[in-house]
Amino acid sequence: MSNKMWGGRFSERPDAIMEEINVSIDVDRHLYAQDIAASKAHAAMLAAQGIITAVDAKNIAKGLDTILSEIAKGSFDFKRALEDIHMNVENRLGELIGPAAGRLHTARSRNDQVATDFRLYVRDTIDELDAALAAFQGALVERAIEHAATVMPGFTHLQTAQPVTFGHHLLAYVEMASRDRGRFADARKRLNESPLGAAALAGTSFPIDREATARALGFERPMANSLDAVSDRDFVLETLSAAAIAAVHLSRFAEEIVIWTSPLVGLVRLSDKFTTGSSIMPQKRNPDAAELVRAKTGRVIGALTALLIVMKGLPLAYQKDMQEDKEGAMEALSALSLAVRAMTGMVGDLTPDDARMKVAAGGGYATATDLADWLVRTLKMPFRDAHHVTGRIVALASKEGVALHELPLKAMREVEPKITAEVFNVLSVEASVKSRTSFGGTAPKNVLAQAKGWLKRLEKEQKFD
C-alpha cells in the first residue's frame, strides 16, 4: 500500500518508533490559524493566475473556513498518523470538498508552508509581547509618578551607595523594556518577508504570483531566494535573542523584589495576590511569583541556545532537524508572556515601606559623595582631595557610631578646618536626591518629568494602535 503523504515511492508503513519521532502535530497544531490563512492566500492566488479554477478556489476557501471553525470549537480530530498540521488540514479538506482539495498543494511544499506558518506565528507573538511590555511600562510609569520623591537606597555591589528615589528605580526598568520592544520590532521587521511559493527549495515552474500572497498575508515582500526561504530560521533566533534579553531584565527585577520583600530588608511588601504560604510554617509569605519569573528566564535562554545548536551544522536547504525549531520557541515565548504579565501585576501590587526606605537610604554613609561634592563646589577643593577628606570624616563618624549628619561640626573641622555649618544642608537623604538634577538623575522633579513624558508616549502609542 503506498503511503498517503509520500506517494508511490514508499510501499510500506513506517516503523512505529519512526512515526513517533517524526510526528509534529502535538506542537505544530498551534499553527492552525496561520496554516489556514496561508492556504487561503495560496488558493486565491492560484485561481487568479489560472492555475486552478475559481470554483475550486471557492470550495477550498469554504472548506478551510469550516476547518478553522472546527478547530476553534475543539471538534476537529487531529490525527497523529498524518504527522503535522498541514496534512491534517489537507486531509480534512478532502473529506469536506473531495478531490479539489488535492489541488491546493499545487506549486508549494510543506517546506515553504511551515516556514510561512511559523513566520506568521512569530510575528503574531511579537505583537502580543509588545502589547504586554507596553502594559508593563505603563504600570511602572504610574508607580514612578506616585513615588517620584520616595527616597530609597541605591546600591552598587548590593551595598548602600547613594540615595535615589523609588520612582527613579522603577523608570530604569521602563527604559529596559523600551529597548526590549525595540529589539522585538527590529526582529519583526526582518522576519516580515514571505517564504510562500519557494516550494521545496528551488521555486516552481508554475506561473505563481508571490507578491500577491505576500500582500495577502501582510508581508512586506516575498523572500528573494528560494533556498534561503525554506532553510532560514534567523527570524526565530533573533526573536528568541530579544526574548532572552527581556527575560533577563525581568529576572533582575524579580530578584530585587525577592530581596526587598525579605523581612531582613523589608523595603516593600506584596499582598496575598502575588505571594504564597508554607504547608508547615504558618508565618511564611513567599514571593513565589517573582521567583518563578526569575526561573522562567532559564527556559527562554535555553530555547535560544538549543535552536542555535540545532542550526549550527545544517547545510542548505530544509533538514528534518528544523522540526525542532518550534516546541522550544513556543514554550519560551509563552513563558516570557506569562512572566511579563506577572511582573506587571506585581508592580501594581507592590507597597513600599517609605519610612524604612528612608532610613535604609541614609545607612552606610550614603551621602558621603554629597559631602565630597560640597567640598569641591564650596571650598574649590580638587575632587581627589575632597574624596580623601570625606573618607577620613566617614571613618570618624563610623568610629563614633553616628551618621554623617549627626557628626558635630567641630569633629569635621578637625579633619578640614574650612568646613562650615552649611555642609549639613547636603547631608540629608532628601537633599541628596534633590541635588541630582543632571539629565537622567534621580531628582524628584526629573523623575516626575520623565515619568509624565513616558506616560504621554505610551498613551500616544495606544491611540495609534
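Just above, that's the structure.
Let us look at the structure shown here. (Residues numbered from 1 in each chain as written. Predicted model: local features only at pLDDT ≥ 70, side-chain atom pairs only at ≥ 80, totals over all residues. Heavy atoms only, no water.)

**Brief notes about the overall build of the protein**
Applicable threshold: In DSSP terms, a helix is any run of H or I states spanning at least four residues, a strand is any run of E spanning at least two, and both are numbered starting from the N terminus. Here the globule rule is a power law, 2.2 Å times the number of residues to the power 0.38, and the radius of gyration is based on C-alpha atoms. Buried, partly exposed and exposed residues are distinguished by accessible area as a fraction of the type maximum, computed with a 1.4 Å probe on protein chains only: under 20%, between the cut-offs, and over 50%, respectively. By definition, residues are in contact when any of their heavy atoms lie within 4.5 Å. Each accessible area value is a Shrake-Rupley result obtained with a 1.4 Å probe; residue values ignore everything except the protein chains displayed when judging cover.
Per the secondary structure count, the protein includes 18 helices and 6 strands. Relative to the 2.2 N^0.38 estimate, which gives 23 Å for 465 residues, the radius of gyration of the protein is 30 Å and therefore markedly larger than a compact globule would have. With respect to the principal axes defined by its C-alpha atoms, the protein has extents near 100 × 50 × 40 Å. For the protein, the proportion of its 465 residues judged to be buried stands at 46%. Residue pairs in contact within the protein that sit at least 24 positions apart in sequence constitute 73% of those at least 6 positions apart. Summing over all exposed atoms, the protein offers an accessible surface of approximately 23,000 Å²; the carbon and sulfur share of this is 54%.

**A look at the nonpolar core**
In a soluble, globular protein the nonpolar side chains are often hidden away together inside. For clarity, the threshold we go by: As used here, the term nonpolar core means buried Ala, Val, Leu, Ile, Met, Phe, Trp, Tyr and Cys residues forming a set that is joined through side-chain atoms within 4.5 Å.
With 71 residues, the main nonpolar core has Phe253 and Leu336 as its most contacted residues. With 15 residues, the single largest contributor to this core is helix H10 (residues 234-261). Residues within four places of Leu336 in sequence aside, it is in contact with Leu129, Phe184, Ala243, Ala246, Ala247, Leu250 and Val300. Judged by nonpolar contacts, the second largest core, of 22 residues, contains Leu371, Val394, Ala397 and Met412.

**Comments concerning the pattern of salt bridges**
Opposite charge on two side chains permits pairing when their charged atoms draw close. Put simply, the rule reads: The working definition used for a salt bridge is a side-chain nitrogen of Lys or Arg within 4 Å of a carboxyl oxygen of Asp or Glu.
Under the defined criterion, the tally for this structure stands at 24 salt bridges. Among the ionic pairs, Arg190 bridges to Glu238, the shortest N-O distance being 2.5 Å. Of the two residues, Arg190 is situated in helix H7 (residues 166-191) and Glu238 in helix H10; the sequence distance between them amounts to 48 residues. A salt bridge links Asp272 to Arg285; the shortest N-O distance between them is 2.7 Å. With a gap of 13 residues between them, Asp272 in the loop between strand E5 (268-269) and helix H11 (288-311) and Arg285 in the loop between E5 and H11 connect regions that are remote in the sequence. Residues participating in the shared-partner salt-bridge network are Glu20, Asp26 and Arg80.

**A look at a negative patch on the surface**
What counts here: Patches here are clusters of residues that have more than 30% relative accessible area and form no salt bridge, with a 9 Å joining cutoff for like charges and a 5 Å cutoff for nonpolar side chains (Val, Leu, Ile, Met, Phe, Trp, Tyr). The positive count covers Lys and Arg only, the negative count covers Asp and Glu only, and His and the chain ends enter neither. A charged residue contributes its charge at one atom only: NZ of Lys, CZ of Arg, CG of Asp or CD of Glu.
There is a patch of like negative charges on the surface, built from Asp321, Glu324, Glu327 and Glu331. Note that Glu327 resides in helix H12 (residues 327-349). For Glu327, a relative accessible area of 41% puts it in the partly exposed group.

**A few points about a nonpolar patch on the surface**
A contiguous nonpolar surface patch, about 330 Å² in accessible area, is contributed by Ile17, Met18 and Ile21. Residue placement: Met18 occurs in helix H1 (residues 16-22). Among the residues examined, Met18 registers a relative accessible area of 37% and is labelled partly exposed.

**Quick notes on the pairing of strand E2 (residues 159-165)**
To keep it simple, the criterion reads: A pair of strands is considered paired only if DSSP assigns at least 2 bridges between the two.
Judged from the 6 bridges that link them, strand E1 (residues 151-156) and E2 form a sheet pairing that is antiparallel. Looking across to E2, one finds that Gly154 is bridged to Gln162. Adjacent in sequence and paired antiparallel, E1 and E2 are bridged by 2 residues, among which His157 carries a positive phi angle near 60°.

**Thoughts on the packing of H10 against H12**
A pair of packed helices is captured by two measures, namely the crossing angle of their axes and the spacing between those axes. Condition: Think of each axis as a best-fit line through the C-alpha atoms, taken over the contacting stretch in the case of a helix, with angles from 0 to 180 degrees between the N-to-C directions. Handedness of a crossing follows from how the near helix is turned relative to the far one, being left-handed for an anticlockwise turn of less than a right angle and right-handed for a clockwise one. Residues are grouped as follows: nonpolar covers Ala, Val, Leu, Ile, Met, Phe, Trp, Tyr, Cys and Pro; charged covers Asp, Glu, Lys and Arg; every other residue, Gly included, is treated as polar.
The contact between H10 and H12 brings their axes to 10 Å, and the two run at 35°. Judged by the twist between their axes, the crossing of H10 over H12 is left-handed. Only Ala329, Ala332, Leu333, Leu336, Ala339, Val340, Met343, Met346 and Val347 of H12 make contact with H10, whose side of the interface consists of Val236, Thr239, Leu240, Ala243, Ala246, Ala247, Leu250, Phe253, Ala254 and Ile257. Grouping the constituent residues of the contact of H10 with H12 by class yields 18 nonpolar, 1 polar and no charged.

**Some points on the side chain of Glu416**
We apply this condition: Counted as a polar contact is a pair of N or O atoms within 3.5 Å, where, for protein atoms, one must be capable of donating a hydrogen and the other of accepting one, and residues adjacent in sequence contribute only when both atoms are in side chains.
The topology assignment puts Glu416 in the loop between helix H16 (409-415) and helix H17 (429-435). Despite being buried, Glu416 has no salt bridge partner; Lys418 is the closest side chain of opposite charge, sitting 5.5 Å away. Within the structure, Glu416 has its side chain in polar contact with the backbone nitrogen of Lys418 (distance 3.0 Å).

**Examining the packing of aromatic side chains**
What counts here: Whether two aromatic rings pair depends on their centres lying within 6.5 Å, for rings of Phe, Tyr and Trp, where Trp uses its six-membered ring; planes under 30 degrees apart make the pair stacked, over 60 edge-to-face, and the rest tilted. Criterion for a charge above a ring: Lys NZ or Arg CZ within 6 Å of the ring centre, and within 35 degrees of the ring normal.
For the coordinates displayed, the defined rule picks out 6 aromatic pairs. With 6.0 Å between their ring centres and 70° between their planes, Phe166 and Trp260 make a pair best called edge-to-face. Of this pair, Phe166 sits in helix H7 while Trp260 sits in helix H10; the two residues are 94 residues apart in sequence, bridging distant segments of the chain. Take Trp260: its relative accessible area is 3%, and that puts it in the buried class. Linked through ring pairs, Phe166, Tyr173, Phe253 and Trp260 together constitute an aromatic cluster. Positioned above the aromatic ring of Phe219 is the side chain of Arg123, whose terminal nitrogen or guanidinium carbon lies 5.0 Å from the ring centre. A cation over a ring is seen here: Lys326 above Phe118, with NZ or CZ 5.8 Å from the ring centre.

**Regarding the environment of His387**
By the secondary structure assignment, His387 is in helix H15 (residues 383-400). Note on His387: relative accessible area 46%, which makes it partly exposed. Separated by 252 residues in sequence, His387 and Ala135 place their C-alpha atoms 43 Å apart.

**A few points about the packing of helix H14 (residues 368-379) against H15**
The following threshold applies: Roughly parallel covers angles under 35 degrees, roughly antiparallel covers those over 145, roughly perpendicular covers 65 to 115, and oblique covers all other angles.
Axis separation between H14 and H15 bottoms out at 8 Å; the angle between their running directions is 135°. When the axes of H14 and H15 are compared, the pair comes out oblique. In this structure, H14 meets H15 at a crossing whose hand is right-handed. Contact with H14, carried on its side by Ala368, Leu371, Ala372, Asp373, Leu375 and Val376, involves Phe383, Ala386, Val389, Thr390, Ile393 and Val394 of H15 and no other residues of that element. Its residues assigned to classes, the contact of H14 with H15 shows 10 nonpolar, 1 polar and 1 charged.

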